[in-house]
Amino acid sequence: MSARLSRAERRRLRRAERAVDCMSSMQREIFLAIRVDELSYSEVAVLHSITVTEVEQHFAGALHILDRHMHERHHKWWQFWR
């Protein structure tokens with residue numbers, strides 16, 4: 001198994017990193033706590049002293065940003081002159 005990433009995998013990783021950079025600090029912390037640290041919504045709520053509903057709202061916002069960045073289409077330079 002190769003430890004190197006393909007060009008497509010590197011591109012997807014850069015897009016994901018840009019998406020995380022665009023999140024608010026609370027969205028980023030909650031997103032990473034749920035996806036990376038694998039904490040439950042209730043654990044994240046206790047950690048940040050907020051309600052589970054607020055965790056859900058911040059996480060949904062983070063997922064929206066991630067989805068938008070992962071599916072954005074980069075236009076070729078000549079498509080701007082149509």
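In case you missed it, the structure is sitting above this.
Throughout what follows, the structure given in this document is the object of discussion. It should be emphasised that the depicted structure is a prediction, and the values quoted were computed from it without experimental measurement. (Residues numbered from 1 in each chain as written. Predicted model: local features only at pLDDT ≥ 70, side-chain atom pairs only at ≥ 80, totals over all residues. Heavy atoms only, no water.)

### Here we look at the overall build of the protein
We apply this condition: For helices the rule is a DSSP run of H or I covering at least 4 residues; for strands it is a run of E covering at least 2, with both sets numbered from the N terminus onward. Buried means the residue's accessible area, taken with a 1.4 Å probe over protein chains only, is under 20% of the maximum for its type, while exposed means over 50%, and partly exposed covers the values in between. Residues count as neighbours in contact if any of their non-hydrogen atoms are within 4.5 Å of one another. Reported accessibility uses the Shrake-Rupley method at a 1.4 Å probe radius. Residues are deemed covered only where the shown protein chains occlude them.
Regarding its fold elements, the protein presents 4 helices and 0 strands. Secondary structure elements of the protein occur, N-terminal to C-terminal, as α-α-α-α. Classification of the 82 residues of the protein by burial places 26% in the buried group. Long-range pairs, those at least 24 residues apart, make up 56% of the contacts in the protein with a sequence separation of at least 6. Here the protein has roughly 6,700 Å² of accessible surface; of this, 54% comes from carbon and sulfur atoms.

### Notes on the nonpolar core
What counts is decided by this rule: Only buried residues count toward a nonpolar core, which is a set of Ala, Val, Leu, Ile, Met, Phe, Trp, Tyr and Cys residues joined through side-chain atoms within 4.5 Å.
Ranked by size, the top nonpolar core spans 16 residues in total, and within it Met23, Ile30, Phe31, Ile34, Val44, Val55 and Leu66 carry the most contacts. Elements represented by at least two residues in this core include exactly α1 (7–22), α2 (25–35), α3 (41–48) and α4 (52–70). Ranked by residues supplied to this core, first place goes to α4 with 6 residues. Residues within four places of phenylalanine 31 in sequence aside, it is in contact with Val20, Met23, Val36, Phe59, Ala62, Leu63 and Leu66.

### Section: the environment of alanine 16
Summarising the element assignment, alanine 16 is placed in helix α1. Exposure remark for alanine 16: the relative accessible area of 22% places this residue in the partly exposed category. Alanine 16 sits 50 residues away from leucine 66 along the chain, and the two C-alpha atoms are 6.6 Å apart.

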